[in-house]
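# Architecture and fold: a report
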Amino acid sequence: MGWLSITAITLILLFTHQSLTYQIAQKQGHSKVIPGLIGLIPGFGIFYYLKLKPPVRPSNTGKTKSVFNLKNILGTLLLYTELVLLGIIVLIPVVYVIGTSLNPLAGIPNQIWPDEPTLKNFIFLFEGEAQYGTQVRTNEFVSWYWNTLQVAFLTMIFSVLFVTGTAYVFARYKFKGKRAGLLTILVLQMFPSFLGLIAIFTLFQTFGLLDQPLALVIIYTAGAVPFNVWLIKGYLQGVPKELDESARIDGANKLQIFFKIIMPLSVPIISFVAVTQFMAPWLDYILPSFVIETEERWTLAVGIFRFINDQTRINYPAFSAAALMIAAPITILYIVFQRFLIEGITAGANKG
Amino acid sequence: MLIIDETRNLRTNGFEVLLEYDVFKAFQESIIGGLGGRDNYNTDAYNKMLVQLMFRFDETIYESYAEVFLNPFHENAGFFVKGLWGVITLGVTPSRTVTEHYELTFFIPDGFSRRGVELQGNFSQQLLLRGIISNLLLVYFIGIFIWNIRDAFKTSKIIEETKKVPDQVQYFKDVYENAFEYIVLMPALFLVTFISVMPILFGMLVAFTNYDAQHIPPNNLFTWVGLENFRVIFTLNEQGGLPFGTQFFRVFSWTLIWAFASTFTVFFGGFIQAVILANNRVVFRKIWRSLLILPWAIPALISQMVFNVMFRDRGWVNQTLSNIGVYDWLLERGMLGRSFADAGTGLDRLLYFGEENIQWISNEANPWFVRIFIIVLNIWLGFPFFMALMTGVMTSIDRSLYEAASIDGATGFQQFRFITMPLVLFATSPLLIMTFAGNFNNFGVIYFITQGGPGGDFTTAFAGQTDILISWIYKLTTDANVRWYSMASVFSLLIFLIIGTISAWNFTRTRAFKEEM
C-alpha cells in the first residue's frame, strides 16, 4: 500500500502545481490547453508563466499575486486531494478486474496485480477448456456469446419495428382510445418485467419455449415497447407538424409521410433506442436464469455469474476476463456518447 | 421371480389409459419387444395393459376414475368455455395413482415388476394462463363484433341515402384511411397485451390463490383463497409455518430505508461532485469528468459482481486491510476478534465488524453494518449519473445571472446558494422520484452483492437481512426449495400499488401530461 499513498501524494502535488500554473496563465490571458500541459512539468510551469510576457495587456496586472495567497493554494490542494482520492476509488475495481483476468490461479485473487500475468483465462474462454492446478475446467463461453448476440440483434430489430410505428401514431394522430392507450403504456413502463416471472415461465412451459434463448426476444421486445414509445413520441412531438402537412398537400399518404419524413428525421432517437435495446440482453440476468437450464444455452450474464457463484464452476479469473470482454465495449460506448445518453434518459423522465 | 417395485410410478395423462389405450398393442410392446431377453421387457407398457384389463373387468373402478378424469370441461370444452372453466375452478382433478391392478398379480410373469400407473391431474397454472389468454381474446373479439355491427349500420345508412352499394375497393381504401391508426397499433397492442399485461394479470390473480410449495399441480392443485394471503400479512400471521407477516414488515421498512437513503446519498453525492468539478481551479475538466463517470459507464451488473468478489470474507479488500495494519487497529478497539455477544452495547455493537475477518457482506450478527455498507457502496455506482447530469445543467445556466449577482455584491457562496442550487435542484428533481422508484426495485445491488444475505432461511420466511421486496420475491419464485408463488405475487401486487401511485403522481406534474391530457 506504500506505493499507492506515494503515488497519490505525488499526483495531488502535481495536479495542484498544474492548476496554479493554469490559474496564473489564465490571469495573464493565455489560451487554455497549453498552460494545462506545461503545468504538468513539475516546478517549471509556474516560473515559465511568471516570466513569460502576457499576450494581451491584462487590465488588472496585480492579480497574479492573488493566485499565491495561502487560502487559494490550500483550496487547490484540498480540491485535488478530493479528486485524486475519488479517482483512485473509482479506478480500484477496474484495475482489480484487469489484474484478476490475468491471474493464472482459479482461486479468489488476493493481489490487485498478479506476479505472473498470463492471457490463459482469455484463451480458456475461447477454447472452452484449460487446466487450473490439477483440474481441467471447461466452459461454454463461445455459445453464451453467440446466444446473447443473436438475442440482442433480434431484440434490437423487433423493438425498433414495433416501437417506431406505434410512437408515430401516438405522436401524430388523434383517435378514440388514445388517452387510455397512453395511460396503459405509462402504467406498464413502471414495472420490471420480471414481476410476471411465474406467468412467463408458465407461458413458455405451455408453448414449449422453455430452454430456448431466442424465446427471450419476445419478452424483451414487449418489455421495450412502453418506455421507448414514450421516448420516441416525445421526440416526434418536437418535429414540426408543418412538414407532415406540406407532404400531405403534395399527395403523400400516411405511410409515405412516416417513411419519407418522420423516419429520416428521427434517426438519432431511433439509434438511441436501437443501441439500448441491443445492450439490454447482455446485462439481463433474471429472466434467462429462470427460463434457461442447459449450460450451453445460457446467455452471458447467467454464465459469468455462475463463475463466481456456483461451487462447481468457481473461477474468478475467468469471470474477470469475461466481464472485461462484455464491459469494455459498452463502457467505451458510454464514455464516448455520455452526453447523448444522459440527455436521452433525462428526456424520458421529463417529457414522460 | 417377482420383483416388486412400487416406488417409481408410471406417469400418463389419464385420458390415454382410460379411453384410448390398445390392450393388444400394449401386450405386443411389453412382451414381444422384450424377446431379446428379460432385460428388455417393457414394464411400463405391461402395467398399462394390466390397468386396462382391470378397467374392463371391474366397471365400478373404471367409473370411479372416469368420473373425475374424464371431466367434460377439461377434455371436450371449446377454447373459450374451457378458458372460463379453468379460471373459475383452477382445475378439479389432482393426479392419482392406480394400484388396483396389483390384484392381478397372477398376470405378472417373471421379469416384470408391478408399478403404480399415475393418471396425471390438471395443471392449475396452465389452466389459469389459458383462461386469461382466452378471456383477453374474447374481449378483442367482442370489440371486433361491435365494430362489425356499427360498420354494417353505417353502410346500410349509406345505401339508404344514396341507393347505391359502395364498391369493395373504395370500401377498403376508406377503412385503411379511417382506421390507419388502429392498423399500425395492432401488432404492438397484441404483443403488449399478451406478453406484458397478461403476466401482470396472472400475477395479480395468483395473489388470491394458495399456489405454494404445498400446492404444486398436478399432484396438489391450488385454488382460490380470496383475501387470505393479505390477511396473513396484515395480521402478522404465519403461513405454512413461515412467518410471512412479521417478515413482510421488516423487509418493507428496510426497502423504504434503502430507497430513501440510496436516492438521497446518490443525488447529493452527485451534486457535491458536480459542484467540485465546476470549480474554476480544475484543469482539463472533461478528462476528470470522463474518469469520474466510469462507474456509470461500466455495466452495473458487472461492477456489482466484482464488488461481491472483492468484499468477501477472504477477498482482496480484507487481505489488503490486514496487510496495511487496519486489522490490528480494529482488533485493539474490539471491533474485530471477539464474538458479537462480547461486543458490548450500544455503539460498540453497531461498530462490530466481524470475528475473524471484516464481514462486509456476511455479518449476520450485525446486519446494520452490512446494510450501511451497501448504501455506501451504492454511492460508487450511482453518483456519476447525477454528477454528469448536473454538470450539464450548471453549464447551461445563464452567465448573466452570476454577473448581475456579483454586481449586486453577492459572495461566491451566496451565488451558489441562491442561483446554482435552486436551478439545478429544480431541473433534476423529476429524476429524483424516478430514481426513488428505481432504487425501490434495485434488484441488482442487493442480489449480486449480498444475495440478500446474511441470513435468510425458513425462520425468516427466506428473507435475508438485506433483502428488499424485489429480491425476496425473486427468491420466493425461483428457489426450487422455496416456491411460494402466492406470497411472491402478493408482494408484487403491493409494489405495483406503491410504485404505480408514486410514478403516476409524478407524471401528472410533468409538462408532457399537461399538454397531452
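Remember, predicted model here, so these are calculated numbers, not experimental data.

## A closer look at the overall build of chain B
When you go through chain B residue by residue, the secondary structure sums to 24 helices and 5 strands. In terms of overall size, chain B is more extended than a compact globule, its C-alpha atoms giving a radius of gyration of 33 Å where 517 residues would be expected to give roughly 24 Å. For chain B, the spread of C-alpha atoms along the principal axes amounts to about 105 × 90 × 50 Å. Put simply, chain B shows about 24,700 Å² of open surface, and 62% of that area lies on carbon and sulfur atoms. A distance of 10 Å separates the average location of the 36 positive side-chain charges in chain B from that of its 43 negative side-chain charges.

## Topic: the domain arrangement of chain A
Residues and elements named next belong to chain A. According to the domain assignment, chain A contains domain 1 (2-101) and domain 2 (141-350). On a C-alpha basis, the centroid separation for the pair domain 1 and domain 2 is 43 Å. Between domain 1 and domain 2, the residue contacts involve 4 residues of the former and 5 residues of the latter. Summing the contributions of domain 1 and of domain 2, the shared interface buries around 370 Å²; its carbon and sulfur component is 80%. Between the two partners, domain 1 and domain 2, sit 0 residue pairs in polar contact (both at pLDDT 80 or more). Residue classes in the side of domain 1 that touches domain 2 are distributed as 2 nonpolar, 2 polar and no charged.

## Points about the packing of helix 3 (residues 43-57) of chain B against helix 4 (residues 59-69) of chain B
All names here are of chain B. Running from N to C, helix 3 and helix 4 point in directions that differ by 110°, and their axes come no closer than 5 Å. With respect to helix 4, the element helix 3 is oriented roughly perpendicular. Seen from helix 3, the contacting residues are Met-54, Phe-55 and Phe-57; seen from helix 4, they are Glu-59, Ile-61, Tyr-62 and Tyr-65. Residue composition of the contact of helix 3 with helix 4, grouped by class: 6 nonpolar, no polar and 1 charged.

## Quick notes on helix 20 (residues 412-440) of chain B
Since one α-helical turn is 3.6 residues long, residues separated by three or four positions face the same way. Its maximal kink placed at B:Ser429, helix 20 of chain B deviates by approximately 45°, while the proline B:Pro430 follows within four residues. Those residues of helix 20 of chain B that sit buried are B:Gln415, B:Ile419, B:Thr420, B:Val424, B:Thr428, B:Leu431, B:Ile433, B:Thr435, B:Phe436, B:Ala437, B:Asn439 and B:Phe440.

## A short note on the nonpolar core
Residues and elements named next belong to chain B. Ranked by size, the top nonpolar core spans 223 residues in total, and within it Trp-472 and Phe-491 carry the most contacts. The leading source of residues in this core is helix 18 (residues 367-395), at 17 residues. Not counting residues within four places of it along the chain, the set of residues in contact with Phe-491 comprises Ile-233, Phe-244, Phe-248, Leu-469, Trp-472, Ile-473 and Leu-476. Counting residues in each nonpolar core, the second largest holds 18 residues, with Leu-18, Leu-53, Ala-66 and Leu-119 among its members.

## A closer look at the packing of aromatic side chains
Under the defined criterion, the tally for this structure stands at 66 aromatic pairs over all chains. A centroid spacing of 5.9 Å and a plane angle of 50° characterise the contact between A:Phe141 and A:Tyr145, whose relative ring orientation is tilted. You can see A:Phe141 and its partner A:Tyr145 sitting in helix 7 (residues 141-172), 4 residues apart, about one turn around the helix. Residue classification places A:Tyr145 among the partly exposed residues on the basis of a relative accessible area of 31%. Ring geometry for A:Tyr334 against B:Trp296: centres 4.9 Å apart, planes inclined by 65°, an arrangement best described as edge-to-face. Here the residue A:Tyr334 occupies a position in helix 16 (residues 316-336), and B:Trp296 occupies one in helix 13 (residues 294-297), the pair thus bridging two chains.

## Considering the environment of B:Asp58
Mapped onto the elements of the fold, B:Asp58 is located in the loop between helix 3 and helix 4. For the pair B:Asp58 and B:Ala488, spaced 430 residues apart in sequence, the C-alpha separation works out to 46 Å.

## Observations concerning the pairing of strand 2 (residues 135-138) of chain A
Residue and element names in this part refer to chain A. Sheet topology places strand 1 (residues 129-132) next to strand 2; 4 bridges connect them, and they run antiparallel. Looking at strand 2, one finds that Glu-129 is bridged to Thr-138. What sits between the antiparallel neighbours strand 1 and strand 2 is a turn of 2 residues, in which Gly-133 has the positive phi angle 60°.

## Observations regarding the interface of chain B and chain A
Contacts between the two partners involve 94 residues from chain B and, on the opposite side, 103 residues from chain A. When residues of chain B are sorted by the area they lose upon contact with chain A, B:Arg281, B:Trp288 and B:Trp316 head the list and together hold 9% of the total. For the interface between chain B and chain A, the tally reads 1 salt bridge. Measuring nitrogen to oxygen at the nearest pair gives 3.8 Å for the salt bridge that ties B:Glu181 to A:Lys254. Inspection of the region where chain B meets chain A yields 15 residue pairs in polar contact (both at pLDDT 80 or more). Of all the elements, helix 9 (residues 180-206) of chain B adds the most residues to the side of chain B that touches chain A, at 16 residues.

## Quick word on unusual backbone geometry
Residue and element names in this part refer to chain B. In this model, Pro-217 is joined to Pro-218 through a cis peptide bond whose omega is 5°. Inspection of the secondary structure puts Pro-218 in the loop between helix 9 and helix 10 (228-234). Positive phi is not limited to glycine here, since Leu-236 has a value of about 55°. Within the secondary structure, Leu-236 is located in the loop between helix 10 and helix 11 (244-277). When its relative accessible area of 47% is taken as the criterion, Leu-236 is described as partly exposed.

## Let's talk about the pattern of salt bridges
Applying the stated criterion across every chain, the model contains 8 salt bridges over all chains. Two residues, B:Glu356 and B:Arg314, come together in a salt bridge whose shortest N-O distance is 3.9 Å. On the criterion of sequence distance, the pair formed by B:Glu356 in the loop between helix 17 (347-350) and helix 18 and B:Arg314 in the loop between helix 14 (300-310) and helix 15 (316-323) is long-range, its members being 42 residues apart. Within the structure, one salt-bridge network assembled from shared partners comprises A:Glu295, A:Asp310 and A:Arg313.

## Topic: the packing of helix 7 of chain A against helix 13 (residues 267-283) of chain A
Residues and elements named next belong to chain A. Packing of helix 7 against helix 13 leaves a shortest axis separation of 8 Å and a crossing angle of 145°. Seen along the crossing, helix 7 lies across helix 13 with a hand that is right-handed. Contacts from Tyr-145, Thr-148, Leu-149, Val-151, Ala-152, Phe-153, Thr-155, Met-156, Ser-159, Val-160 and Thr-164 of helix 7 reach helix 13 at Ile-270, Ala-274, Gln-277, Phe-278, Pro-281 and Trp-282. Taken together, the residues of the contact of helix 7 with helix 13 sort by class into 12 nonpolar, 5 polar and no charged.

The rules we used
- Residues numbered from 1 in each chain as written.
- Chains lettered and ligands numbered in written order.
- Predicted model: local features only at pLDDT ≥ 70, side-chain atom pairs only at ≥ 80, totals over all residues.
- Heavy atoms only, no water.
- Helix = DSSP H or I, 4+ residues; strand = E, 2+ residues; numbered from the N terminus.
- Rg over C-alpha atoms; globule rule 2.2 N^0.38 Å.
- Areas by Shrake-Rupley, 256 points an atom, 1.4 Å probe, with all protein chains shown as cover.
- Lys, Arg positive; Asp, Glu negative; His and termini not counted.
- Charge placed at Lys NZ, Arg CZ, Asp CG, Glu CD.
- Domains from an automatic or database assignment.
- Contact = heavy atoms within 4.5 Å.
- Buried area = accessible area lost by both parts, 1.4 Å probe.
- Polar contact = N/O pair within 3.5 Å; in protein donor to acceptor, adjacent residues only side chain to side chain.
- Nonpolar A, V, L, I, M, F, W, Y, C, P; charged D, E, K, R; others polar.
- Axes fitted to C-alpha atoms, helices over the stretch in contact; angles between N-to-C directions.
- Parallel < 35°, antiparallel > 145°, perpendicular 65-115°, else oblique.
- Bend = angle between axes of the 7 residues up to and from the residue.
- Buried < 20%, exposed > 50% of the residue type's maximum accessible area, 1.4 Å probe, protein only.
- Core = buried A, V, L, I, M, F, W, Y, C linked by side-chain atoms within 4.5 Å.
- Phe/Tyr/Trp six-rings, centres within 6.5 Å; stacked < 30°, edge-to-face > 60°.
- Pairing = 2+ DSSP bridges.
- Salt bridge = Lys/Arg side-chain N within 4 Å of Asp/Glu carboxyl O.
- Left-handed = near helix turned anticlockwise from the far one by under 90°.

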